[in-house]
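# Observations on the model geometry
The primary structure of each chain is shown beneath.
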Amino acid sequence: MQIKCDRCGAVADAVTPETHQDGEIEYTFFRCPDCGTVYPVCATDSALRADIAEYSRMRNLIRVQPVKEAFIRRAEALKQKNMKRSKELMEQHPLALFSSPEPAE
């Protein structure tokens, strides 16, 4: 999948996500490899990171063995809860630390 920067128009085949910890909040983002523009992906706190890990465990279990439908519904409900919480955290804690791009190396 190719990714195109909205700022400079550069196209990259892949980007490497980065993280930055600011107190309890951990930001995940990527930068344009050409101009350094930052694109936020998510903001998490420790409770959300634990729920994401639990969802990943559940998803992997679903992939490797038969599970009951109720388990699949619980996994989907947890995924929706995680997405909602991530959105809330992004609104409460915008990625202002990176509002101006770093120069590309």
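Residues numbered from 1 in each chain as written. Predicted model: local features only at pLDDT ≥ 70, side-chain atom pairs only at ≥ 80, totals over all residues. Heavy atoms only, no water.

## Quick notes on the environment of His-20
With respect to the helices and strands, the residue His-20 is situated in strand E3 (residues 18–22). Placed 15 residues apart in sequence, His-20 and Cys-35 show a C-alpha to C-alpha distance of 19 Å. (Helix = DSSP H or I, 4+ residues; strand = E, 2+ residues; numbered from the N terminus.)

## Looking at the pattern of salt bridges
Overall, the coordinates contain six salt bridges when judged by the stated rule. Here Arg-73 and Glu-69 are joined by a salt bridge, their closest N and O atoms 2.9 Å apart. In this pair, Arg-73 and Glu-69 both sit in helix H2 (residues 69–92), four residues apart, roughly one turn of the helix. Several salt bridges share partner residues, and in doing so they unite Asp-45, Arg-85 and Glu-88 into one network. (Salt bridge = Lys/Arg side-chain N within 4 Å of Asp/Glu carboxyl O.)

## Quick notes on the packing of helix H1 (residues 46–64) against H2
Orientation of H1 relative to H2, taken along the N-to-C sense of each, is 150°, at an axis distance of 10 Å. Put simply, H1 runs roughly antiparallel to H2. For H1 against H2, the interelement crossing comes out left-handed. The segment H1 lies against H2, with Leu-48, Asp-51, Ile-52, Glu-54, Tyr-55, Met-58, Leu-61 and Ile-62 engaging Phe-71, Ile-72, Arg-74, Ala-75, Leu-78, Lys-79, Lys-81, Asn-82, Arg-85, Ser-86 and Leu-89. Tallied by class, the residues present in the contact of H1 with H2 amount to eleven nonpolar, two polar and six charged. (Axes fitted to C-alpha atoms, helices over the stretch in contact; angles between N-to-C directions. Parallel < 35°, antiparallel > 145°, perpendicular 65-115°, else oblique. Left-handed = near helix turned anticlockwise from the far one by under 90°. Contact = heavy atoms within 4.5 Å. Nonpolar A, V, L, I, M, F, W, Y, C, P; charged D, E, K, R; others polar.)

## Looking at H1
Between its first and last C-alpha atoms H1 spans 27 Å; for 19 residues at 1.5 Å apiece the expected length is 27 Å, and the two agree. Among the residues of H1, Leu-48, Tyr-55 and Met-58 are the ones counted as buried. In a view along the axis of H1, the buried residues occupy a sector of 85°, so they form one face of it. For H1, the elements touching its buried residues are strand E5 (38–44) and H2. (Expected span 1.5 Å × (residues − 1). Buried < 20%, exposed > 50% of the residue type's maximum accessible area, 1.4 Å probe, protein only. Arc of directions from axis to C-beta.)

## Digging into the sheet that holds E5
In spatial order, the strands read E3-E4-E5; together these three strands make up an open sheet with antiparallel pairing. Strands at the two margins of the open sheet, each flanked by one partner only, are E3 and E5. Across this sheet, the average inter-strand angle for adjacent strands is 25°, counted without regard to direction. Sheet analysis places E3 next to strand E4 (residues 25–31), joined by five bridges and oriented antiparallel. Its bridge partner lying in E4, Thr-19 is registered against Thr-28. Taken strand by strand, H1 contacts E3, E4 and E5, and its axis lies near 90° from that of E5. Contacting E4 and E5, H2 runs over the sheet at an angle of about 120° to E5. (Pairing = 2+ DSSP bridges.)

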